[in-house]
Amino acid sequence: MAEPARLCVTNQKGGVGKTTVAINLAGALNDRGQDVLFVDIDPQGNATEGLGLLEAYDAEPPTLLDALVDPDDVSAEEIVYDHPEMDVVASNVDMNAASSALSSAENAEMRLDRLLSQLEDGYDYVVVDCPPHLGVITDNGLYAARNLVIPALAEPTSKRSIELLFDYVGALEMDHDVTIEPCALVANRIENTNAAAEMLAWFDDALPETPIYRIRKRVAFQRAFTDGHSVFEADEEIDMSEVFASMATKLDERLAKEEVSA
Ligand SMILES: Nc1ncnc2c1ncn2[C@@H]1O[C@H](COP(=O)(O)OP(=O)(O)OP(=O)(O)O)[C@@H](O)[C@H]1O
Ligand SMILES: [Mg+2]
């Protein structure tokens, strides 16, 4: 079986919709019949909570942190949790110590890559939800999953956050001699304002090669989060699920099929 396509949902700016996009993109891929391993590397554990796995966040060791420090000491059963739509490597409160625990370790930013190579057999996709800061945890996400999905609010602050992210990614590519590519920009929480329209135009100019998806502000995302699943499992009809479905289709064309034909 081909190796899974790995996606890194990232933007160091807080509250822009990383977790919302990660969960709903994973839900869309599952809805297309793809097997998804979701990985929450954010010490906040929001995705873990939004997938109804709070007990995993509070679980005793061994946890994701132990698996990053020494994958040989931890078995998949100890850190991979079941969810109706996907399997989940849950975050855990111990991940708050990850930056200091890993910073002195050798190859600190390659730990997730090594862990995934042990866990990802049989999946079509790995979706990684990053924390809202740059540093060793996000480095692990970027190094392991080199296909970026970048959520950004349609507001002027996104200009600097995207420029900063690309500078940072460029430096990581140079340091490690790897290629990290944006494969989707998700303009999120769009409202009907001139400022939003201007930013959508800016995204088009700044990322001419990258597919840009437009997600409007919908309270249904919060309801699905509270209910512990993606909008694809919700009872209500949600118009924005079509946008996630088309993102999943496009990613399949770009990533999964490439590997099949390789
Ligand atoms: N399209 C949307 N419509 C309405 N609410 C949204 C939308 N996208 C995200 N939200 C809400 O905005 C808040 C922040 O979203 P989310 O947690 O996904 O951002 P994040 O980038 O993961 O945050 P952090 O940087 O803390 O990890 C959440 O309450 C979420 O439900
Ligand atoms: Mg988040």
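Residues numbered from 1 in each chain as written. Chains lettered and ligands numbered in written order. Predicted model: local features only at pLDDT ≥ 70, side-chain atom pairs only at ≥ 80, totals over all residues. Heavy atoms only, no water.

Looking at an unreviewed UniProt entry, the protein carries the name ATPase involved in chromosome partitioning, with the source organism given as Natronobacterium gregoryi.

**Q** Would you mind going over the pattern of salt bridges with me for this structure?
**A** A side chain with one charge may pair with a side chain of the opposite charge, provided their charged atoms come close. What the rule picks out here adds up to seven salt bridges. Among the ionic pairs, E120 bridges to R6, the shortest N-O distance being 2.8 Å. Taken together, the positions of E120 in the loop between α7 (111-119) and β5 (125-129) and R6 in strand β1 (residues 5-9) put the pair 114 residues apart, joining distant regions of the chain. Here the salt bridges do not stand alone but share partners, grouping R6, D113 and E120 into one network. (Salt bridge = Lys/Arg side-chain N within 4 Å of Asp/Glu carboxyl O. Helix = DSSP H or I, 4+ residues; strand = E, 2+ residues; numbered from the N terminus.)

**Q** How should the packing of helix α9 (residues 157-176) against helix α10 (residues 194-206) be read in this particular structure?
**A** Packed helix pairs are specified by the crossing angle of their axes together with the interaxial distance, meaning the distance between the axes. Where α9 meets α10, the axes come as close as 10 Å, and the angle between the chain directions of the two elements is 20°. As far as their axial angle goes, α10 and α9 are roughly parallel. Read as a crossing pair, α9 and α10 show a hand that is right-handed. Residues S158, K159, I162 and E163 of α9 form the contact with α10, whose participating residues are M199, W202 and F203. Grouping the amino acids of the contact of α9 with α10 by side-chain chemistry returns four nonpolar, one polar and two charged. (Axes fitted to C-alpha atoms, helices over the stretch in contact; angles between N-to-C directions. Parallel < 35°, antiparallel > 145°, perpendicular 65-115°, else oblique. Left-handed = near helix turned anticlockwise from the far one by under 90°. Contact = heavy atoms within 4.5 Å. Nonpolar A, V, L, I, M, F, W, Y, C, P; charged D, E, K, R; others polar.)

**Q** Any chance you could explain the nonpolar core here in plain terms?
**A** The biggest cluster of nonpolar side chains holds 49 residues, and the ones touching the most others in it are L37, V39, I41, L112 and F203. The element contributing the most residues to this core is helix α8 (residues 136-144), with five residues. Listed in part, the 41 residues of the second largest apolar core include V9, A56, V186 and A224. (Core = buried A, V, L, I, M, F, W, Y, C linked by side-chain atoms within 4.5 Å. Buried < 20%, exposed > 50% of the residue type's maximum accessible area, 1.4 Å probe, protein only.)

**Q** Which parts of the structure should I look at to understand the sheet that holds strand β8 (residues 212-216)?
**A** Pairing between the strands of a sheet is mediated by backbone hydrogen bonds and can be parallel or antiparallel. Read from one edge of the open sheet, eight strands run β3-β4-β2-β5-β1-β6-β7-β8, paired in mixed fashion. Because the sheet does not close on itself, it has two edges, and the strands there are β3 (80-82) and β8. Across this sheet, the average inter-strand angle for adjacent strands is 25°, counted without regard to direction. Looking at chain direction, strand β2 (residues 36-40) and β5 are connected through five bridges and run parallel. When the bridges of β5 are listed, L37 appears paired with V126. The strands touched by α10 are β6 (147-153), β7 (181-190) and β8; relative to β7, the strand with the most contacts, the crossing angle is about 175°. (Pairing = 2+ DSSP bridges.)

**Q** What exactly am I supposed to notice about the UniProt feature "domain: AAA" (unreviewed entry) in the protein here?
**A** As annotated in UniProt, the feature "domain: AAA" (unreviewed entry) corresponds to residues 7-173 in the numbering used here. Secondary structure within residues 7-173 divides into 44% helix and 16% strand; the distance between the first and last C-alpha atoms comes to 16 Å. (UniProt positions renumbered as here; feature names shortened; annotations may be inferred.)

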